[in-house]
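Next come the chains, spelled out residue by residue.
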Amino acid sequence: MKKIQIVDDSQSNIRKLENLLNTHFLVTVARTGEEAVRMAKENVPDLILLEVALPDMDGFETCRRLKAQVESAKIPVIFVSSLKEKEAVIKGFEVGGQDYIIKPFEARELVLRMKSLLKQESSRKRLEQHVKVLEEQNEKLKGKIQKVDRLSRVDFLTNLMNRRDMQEKIRAEINRSIRHGRSFTLAIVDIDFFKNINDTYGHDCGDHVLKHFVSTLKNSVRSSDYVSRWGGEEFLLLFPETKLEEGKRACEKIRQKINESPVIYKGMSISITATFGISEYRPSVRIEELIKAADDALYKGKKTGKNQVVV
Ligand code: GH3
Ligand code: MG
Ligand code: MG
Ligand code: MG
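Residues numbered from 1 in each chain as written. Chains lettered and ligands numbered in written order. Predicted model: local features only at pLDDT ≥ 70, side-chain atom pairs only at ≥ 80, totals over all residues. Heavy atoms only, no water.

Engineer: Would you explain the coordination of the magnesium ion (ligand 3) in this entry?
Structural biologist: Those donors, Asp190 (OD), Ile191 (O) and Glu233 (OE), are the protein atoms that reach the magnesium ion (ligand 3), and they lie 1.9 to 2.1 Å from it. Taken in sequence order, the residues that donate to the magnesium ion (ligand 3) follow the motif D-I-x41-E. Overall, the relative accessible area of 1% leaves isoleucine 191 in the buried class. (Donors = N, O, S within 2.8 Å, 3.2 Å for Na, K, Ca; no water. Buried < 20%, exposed > 50% of the residue type's maximum accessible area, 1.4 Å probe, protein only.)

Engineer: Would you explain the nonpolar core in this entry?
Structural biologist: Generally speaking, a soluble globular protein has its nonpolar side chains buried in company with each other. Counting 29 residues, the largest nonpolar core has Phe213, Leu217, Phe235, Leu237, Ile254, Ile258 and Phe276 as its most contacted members. Looking at this core, the elements with two or more residues in it are β6 (185–191), α7 (194–201), α8 (203–220), β8 (234–239), α9 (244–260), β9 (263–265) and β11 (274–280). Residue contributions to this core peak at six residues, all from α8. The contact partners of isoleucine 258, leaving out residues within four places of it in the chain, are Phe213, Thr216, Leu217, Ile272, Thr273, Ala274 and Phe276. The next biggest cluster of nonpolar side chains, apart from the first, holds 20 residues, and it includes Ala40, Ile48, Leu50 and Phe60. (Core = buried A, V, L, I, M, F, W, Y, C linked by side-chain atoms within 4.5 Å. Helix = DSSP H or I, 4+ residues; strand = E, 2+ residues; numbered from the N terminus. Contact = heavy atoms within 4.5 Å.)

Engineer: In this structure, what is going on with the packing of α7 against α8? I would like to understand it.
Structural biologist: In a pair of packed helices, the angle between the axes and the distance between the axes together describe the arrangement. It is the contact of α7 with α8, at a shortest axis distance of 6 Å, that shows an interaxial angle of 135°. Classified by the angle their axes make, α7 and α8 are oblique. Contact with α7, carried on its side by Phe194, Ile197, Asn198 and Tyr201, involves His203, Cys205, Gly206, Val209 and Leu210 of α8 and no other residues of that element. (Axes fitted to C-alpha atoms, helices over the stretch in contact; angles between N-to-C directions. Parallel < 35°, antiparallel > 145°, perpendicular 65-115°, else oblique.)

Engineer: What exactly am I supposed to notice about the packing of aromatic side chains here?
Structural biologist: Going through the model one piece at a time under the given rule, you end up with four aromatic pairs. Pairing phenylalanine 60 with phenylalanine 79 gives two aromatic rings, centres 5.4 Å apart and planes at 55°, and the pair type is tilted. Taken together, the positions of phenylalanine 60 in helix α3 (residues 59–68) and phenylalanine 79 in strand β4 (residues 77–81) put the pair 19 residues apart, joining distant regions of the chain. For the ring pair phenylalanine 79 and tyrosine 100, a centre distance of 5.9 Å and an interplane angle of 40° mean the geometry is tilted. Here phenylalanine 79 is found in strand β4, whereas its partner tyrosine 100 is found in strand β5 (residues 99–102), with 21 residues between them in sequence. Residues phenylalanine 79 and tyrosine 100 agree in their burial class; the two are buried. Positioned above the aromatic ring of phenylalanine 193 is the side chain of lysine 306, whose terminal nitrogen or guanidinium carbon lies 3.7 Å from the ring centre. (Phe/Tyr/Trp six-rings, centres within 6.5 Å; stacked < 30°, edge-to-face > 60°. Lys NZ or Arg CZ within 6 Å of the ring centre and 35° of its normal.)

Engineer: Where do I start with the layout of surface pockets in this structure?
Structural biologist: By rolling a water-sized probe across the atoms, one finds the places where empty space is left. Approximately 180 Å³ is the volume found for the largest pocket. Taken together, Ser220, Val221, Arg222, Asp225, Phe239, Thr242, Glu246, Arg249, Ala250, Lys253 and Ile254 make up the lining of the largest pocket. In terms of residue count, the dominant contributor to the lining of the largest pocket is α9 (five residues). Class assignment for the residues of the lining of the largest pocket results in four nonpolar, two polar and five charged. (1 Å grid on protein atoms, 1.4 Å probe; cavity = no way out; pocket = protein on both sides within 12 Å on 5 of 7 lines; lining within 4 Å. Points joined across faces, edges and corners; volume = space filled by probe spheres on them. Nonpolar A, V, L, I, M, F, W, Y, C, P; charged D, E, K, R; others polar.)

Engineer: Mind showing me how you'd approach the environment of glycine 305 here?
Structural biologist: Its location among the elements puts glycine 305 in the loop between α10 (287–303) and β12 (309–310). The exposure class assigned to glycine 305 is exposed, which follows from its relative accessible area of 57%. Distance in space between the C-alpha atoms of glycine 305 and arginine 176 is 36 Å, their sequence separation being 129 residues.

Engineer: Whenever I open this one, the site of ligand 1 confuses me. Can you help?
Structural biologist: Taken together, the neighbourhood of ligand 1 is formed by 17 residues, with Phe193, Phe194, Asp207, Arg229 and Lys302 sitting nearest. Between ligand 1 and isoleucine 191 there is a distance of 3.0 Å, counted from an oxygen atom to a backbone nitrogen or oxygen. One nitrogen or oxygen atom from the side chain of lysine 306 is found 2.8 Å from an oxygen atom belonging to ligand 1. A total of 660 Å² of accessible area belongs to ligand 1 in isolation, and the protein chains cover 66% of it. Looking at the shell around ligand 1, the elements that each hand over two or more residues are β6, α7 and α8. Sort the elements by how many residues they give to the shell around ligand 1 and α8 lands first, with four residues. Tallied by class, residues from the shell around ligand 1 come to five nonpolar, four polar and eight charged. (Near = heavy atom within 4 Å. Polar contact = N/O pair within 3.5 Å; in protein donor to acceptor, adjacent residues only side chain to side chain. Areas by Shrake-Rupley, 256 points an atom, 1.4 Å probe, with all protein chains shown as cover.)

Engineer: Looking at this structure, I do not really get the sheet that holds β12. What am I missing?
Structural biologist: Within a sheet, each strand pairs with its neighbour through backbone hydrogen bonds, oriented either parallel or antiparallel. A sheet is described by the order of its strands in space; here five strands give the open sequence β7-β8-β6-β11-β12, paired in mixed fashion. Bordering the open sheet on either side are β7 (226–231) and β12, each of which pairs with just one other strand. With two bridges joining them, β11 and β12 adopt parallel strand pairing. Considered in β12, the bridge of glycine 277 is made with valine 310. (Pairing = 2+ DSSP bridges.)

Below, the structure written as structure tokens:
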């Protein structure tokens, strides 16, 4: 049953309305404007029948307050008043009323107007609910998309950014260099004789070595540098705003650190080395050329003894 709040201080009016509405609605009564505002907040009726002439504040002021209070802001208000001047009717709508009925009113007309407003209000609430559900679904989807996006950028074994994400990073770095006229350096690092490790100690050990290698890499670069898994046992390092010589020094430091930190696996100590190929970004060089230059340097390093940094 819909809840109707009558706001009136005349006992005969109240009785008349109650008799008319009691069978179809749950009726409550407020006798002053103040009481109406308080009851609407606590009870939240579906519709308010508001007399304009009230003992404390008039119905217009009461309506203003009802509309300014969150709990009652959306409750439809029908003014029921003996004021039949146009100005009064206009004011009723201006303060936020949904309808205005002039006394003496036709009982059937009042009930029909009430039903029409209640129906509108029900559809509005349904729509509001629907929008809420859609918004919630939207939020969930956004979360899922973010997760998928993250998964598509992160390497599962090492938690590093993967090749795809690094390629975007390099492109962004190229654009930054073009804007600011600064260069940057990248290096491709490849673990030496890694196949031997897998063949000798097994694939799990290989995985363990990769993770250890990655933590050495991450601990050796600056927080502004980027480390990615480029392929199986190949990693691409990006040094923003770094010239070739500086990048070379950084790689040399990392190379030594790798050399000096053997991997412990099941009580065994396994020494590893890595070869670095580096290239510096130069204006108007394309990403493919930049990466190929590092790759060529790496190849040269592998051909000429490994465990070195080659430009
Ligand atoms: P080089 O010194 O010339 O770099 O030789 P290499 O043996 O390191 O390189 P090669 O390219 O011949 O072999 C790389 C091996 O890395 C082959 C592949 O099975 C292994 N590998 C690639 N990804 C993974 C991985 O995720 N885990 C393990 N355990 N091995 C991997
Ligand atoms: Mg190889
Ligand atoms: Mg290798
Ligand atoms: Mg390789």
